[in-house]
Amino acid sequence: MFASSQLGVDLGTMNVRLFSQTKGLLFDEPATVAYNRQADKLMAIGQKAKQMIGKTPPHVEVTYPLRNGVIADFDRAKALLQQVFKQSSKQLGLAFKKPDVVMSVPFHATSVERRSFYEIAKHCGAKHIQFIEEPVAAAIGADLPVSEPVANVVVHLGAGKTEAAIISLGGVVACRSLRIGGNQLDEDIMQYVRQHYSLLIGEQTAEQVKIEIGSAPGTVMEQSVTIHGRDFVTGFLKAVSLSPTEVQTAIKESLWQIAEAIRAVLEECPAELSGDIIDRGVVLTGGGALLHGIEQWLSTELHVPVHVAPNPAEAVAIGTGKALRAMPKRLDAAL
Ligand SMILES: Nc1ncnc2c1ncn2[C@@H]1O[C@H](COP(=O)(O)OP(=O)(O)OP(=O)(O)O)[C@@H](O)[C@H]1O
Ligand SMILES: [Mg+2]
């Protein structure tokens, strides 16, 4: 009974996930909120709200309340998590009331940013709240031996940020955060298409292109995709064929910056732990770890083995779930 009232929460820039010890992943949908401003009323969240993007009348606003991993719109984020808890409570029944919560936060989140996460969880009825830093949750979710005196290197590639961390004995030894993630790659694709084809495409089209044919430098892919948009010179709708090489060109600058951040954190590794990195390598988590060829490219760039975690996108949520077991029952988050 007690165990089922404990929840792991990963409220991200693009996705929100809830993990229960008894039921596993309870909720996994886009972190989107559709709001009717005229009626001052929440219309939908998650997948349902995401499907409304670009199709709404002016009084309906569809937004992602987090930016770069932190809360940018407090009220919408609160409404989102409240609704996520409500929808998930049906699966857990009465045991869901007043849950103890382990919540992931970006490593470099300030105390003000942590306070916002805390207030939202409290507002949603959480009894006790414990924070876990996202790279630590990702490493636990990827089954790395984080409590041992070895270098666990995890690179978490989210939508709004990238965090590269070395974890040993349960703590972060070194970490670099970058406000570049999957959303930036989508932006890069939008900009490329605008510059080369005078074509305006939406974020969702750009993301789809990235998922289908986006790849890290050196990856060979053949299949092109056809995209539709508006020619901003003529005003007409038009279709353009985009090749994997063009998409690689569009996103490579952002990928270089990610590789630089990882290199910087590896350089900060204490001598006693550096041998571990050569042996054990780097583990990739987050949705960005699914980009074609990223594993091989980073391995070549960094001269260390690189592996993608099993279920990389869910790793943080799984990690928060596993951390629940170790949660001190009396403590609230240290802000
Ligand atoms: N197959 C894929 N190839 C490339 N990118 C992908 C793929 N699948 C998902 N992504 C990208 O992964 C990102 C979402 O990852 P994730 O759910 O880990 O982010 P998040 O937790 O919402 O963000 P953050 O941790 O930065 O707050 C999006 O940018 C999405 O486009
Ligand atoms: Mg995340």
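Residues numbered from 1 in each chain as written. Chains lettered and ligands numbered in written order. Predicted model: local features only at pLDDT ≥ 70, side-chain atom pairs only at ≥ 80, totals over all residues. Heavy atoms only, no water.

Participant: For this particular structure, what's the right way to read the packing of helix 5 (residues 182–197) against helix 7 (residues 244–267)?
Facilitator: How two helices pack is summed up by the angle between their axes together with the distance between the axes. Where helix 5 meets helix 7, the closest approach of the two axes is 9 Å, and the angle between their N-to-C directions is 130°. Classified by the angle their axes make, helix 5 and helix 7 are oblique. Of the two possible hands of crossing, helix 5 and helix 7 adopt the one that is right-handed. Contacts from Gln184, Leu185, Asp188, Ile189, Tyr192 and Tyr197 of helix 5 reach helix 7 at Glu246, Val247, Thr249, Ala250, Ile251, Ser254 and Leu255. Its residues assigned to classes, the contact of helix 5 with helix 7 shows eight nonpolar, three polar and two charged. (Axes fitted to C-alpha atoms, helices over the stretch in contact; angles between N-to-C directions. Helix = DSSP H or I, 4+ residues; strand = E, 2+ residues; numbered from the N terminus. Parallel < 35°, antiparallel > 145°, perpendicular 65-115°, else oblique. Left-handed = near helix turned anticlockwise from the far one by under 90°. Contact = heavy atoms within 4.5 Å. Nonpolar A, V, L, I, M, F, W, Y, C, P; charged D, E, K, R; others polar.)

Participant: In this structure, what is going on with the sheet that holds strand 18 (residues 306–308)? I would like to understand it.
Facilitator: Where strands meet in a sheet, backbone hydrogen bonds hold them as pairs that are either parallel or antiparallel. Sheet architecture is open: five strands sit in the order 13-12-11-17-18, paired in mixed fashion. At either margin of the open sheet sits one strand with a lone partner, and together these are strand 13 (171–178) and strand 18. For this sheet, the mean inter-axis angle between neighbouring strands, taken without regard to orientation, is 20°. Pairing geometry for strand 11 (residues 152–157) and strand 12 (residues 162–168), over six bridges, is antiparallel. Opposite Leu157, over in strand 12, you have Thr162 as the bridge partner. Strand contacts of helix 7: strand 11, strand 12 and strand 13, with the helix running at about 155° to strand 13, the strand carrying the most contacts. (Pairing = 2+ DSSP bridges.)

Participant: Would you mind showing me how to read the site of ligand 1 here?
Facilitator: Inspection of the region around ligand 1 gives 22 residues, with Thr13, Met14, Asn15, Glu207 and Lys210 positioned closest. At 2.6 Å, a side-chain N or O of Thr13 approaches an oxygen atom of ligand 1. In this structure, an oxygen atom belonging to ligand 1 sits 2.6 Å away from a side-chain N or O atom of Lys210. Looking at the shell around ligand 1, the elements with two or more residues in it are strand 2 (15–20), helix 5 and helix 6 (203–213). Ranked by the residues each element gives to the shell around ligand 1, the list is headed by helix 6, at three residues. Here the residues of the shell around ligand 1 sort into five nonpolar, 12 polar and five charged. Residue-level mapping places the shell around ligand 1 at the junction of two domains, with at least three residues from each of domain 1 (6–137 + 316–326) and domain 2 (144–309). (Near = heavy atom within 4 Å. Polar contact = N/O pair within 3.5 Å; in protein donor to acceptor, adjacent residues only side chain to side chain. Domains from an automatic or database assignment.)

Participant: Even after reading the chapter, I still don't get the pairing of strand 5 (residues 41–45), so can you show me in this structure?
Facilitator: Looking down a regular strand, the side chains alternate between one sheet face and the other. In this sheet, strand 5 lies alongside strand 4 (residues 33–36) in antiparallel orientation, the contact comprising four bridges. Bridge pairing in strand 5 links Ala34 to Ala44. Taking the residues between adjacent antiparallel strands as the criterion, strand 4 and strand 5 are bridged by four residues, where Asp40 takes a positive phi near 55°.

Participant: Can you help me understand the pairing of strand 2 in this one?
Facilitator: Along strand 2, five of the six residues are buried, which leaves the element largely enclosed by surrounding structure. Pairing of strand 1 (residues 6–11) with strand 2, which is carried by five bridges, proceeds in the antiparallel orientation. Bridge assignment links Leu11 to a residue of strand 2, and that residue is Val16. A loop of three residues connects strand 1 with strand 2, the two strands running antiparallel in sequence. Counting the residues between successive antiparallel strands, the hairpin from strand 2 to strand 3 (residues 24–30) contains three residues. (Buried < 20%, exposed > 50% of the residue type's maximum accessible area, 1.4 Å probe, protein only.)

Participant: Is there a simple way to think about the environment of Tyr35 in this case?
Facilitator: Along the chain, Tyr35 falls in strand 4. Here Tyr35 falls in the buried class, since its relative accessible area comes to 13%. A polar atom in the side chain of Tyr35 sits 2.8 Å from the side chain of Asp40.

Participant: Where do I start with unusual backbone geometry in this structure?
Facilitator: Most peptide bonds are trans, and most residues other than glycine sit at a negative phi. One non-glycine residue, Asn68, lies in positive phi territory at about 50°. Mapped onto the secondary structure, Asn68 falls in the loop between strand 7 (66–67) and strand 8 (70–71). Residue Asn68 is classed as partly exposed on the basis of its relative accessible area, which comes to 22%. Even without glycine at this site, His303 takes up a positive phi of about 60°. Locating His303 in the fold gives a position in the loop between helix 9 (294–302) and strand 18.

Participant: How should I be thinking about the domain arrangement of the protein chain in this particular structure?
Facilitator: Accessible area lost during the coming together of the parts is what is often quoted as the interface size. You can read the domains of the protein chain as domain 1 (6–137 + 316–326) and domain 2 (144–309). If you average the C-alpha positions of domain 1 and of domain 2, the two centres end up 24 Å apart. On the side of domain 2, 16 residues touch domain 1, which itself brings 14 residues to the contact. Taken together, both faces of the contact between domain 1 and domain 2 bury some 1400 Å²; the carbon and sulfur share is 59%. Joining domain 1 to domain 2, the criterion identifies two salt bridges. Linking Glu207 and Lys50 is a salt bridge whose minimum nitrogen-to-oxygen distance equals 3.6 Å. It is helix 4 (residues 134–141) that contributes the most residues to the side of domain 1 that touches domain 2, three residues altogether. (Buried area = accessible area lost by both parts, 1.4 Å probe. Salt bridge = Lys/Arg side-chain N within 4 Å of Asp/Glu carboxyl O.)

Participant: Looking at this model, I keep getting lost on the sheet that holds strand 16 (residues 237–242). Mind explaining?
Facilitator: If you walk across this open sheet you meet the three strands as 14-15-16, and the pairing is antiparallel. Of all the strands in the sheet, the pair left with one neighbour each is strand 14 (199–200) and strand 16. The pairing of strand 15 (residues 225–231) with strand 16 spans six bridges and is classified as antiparallel. Each residue of the ladder has a partner; that of His228, found in strand 16, is Ala239.

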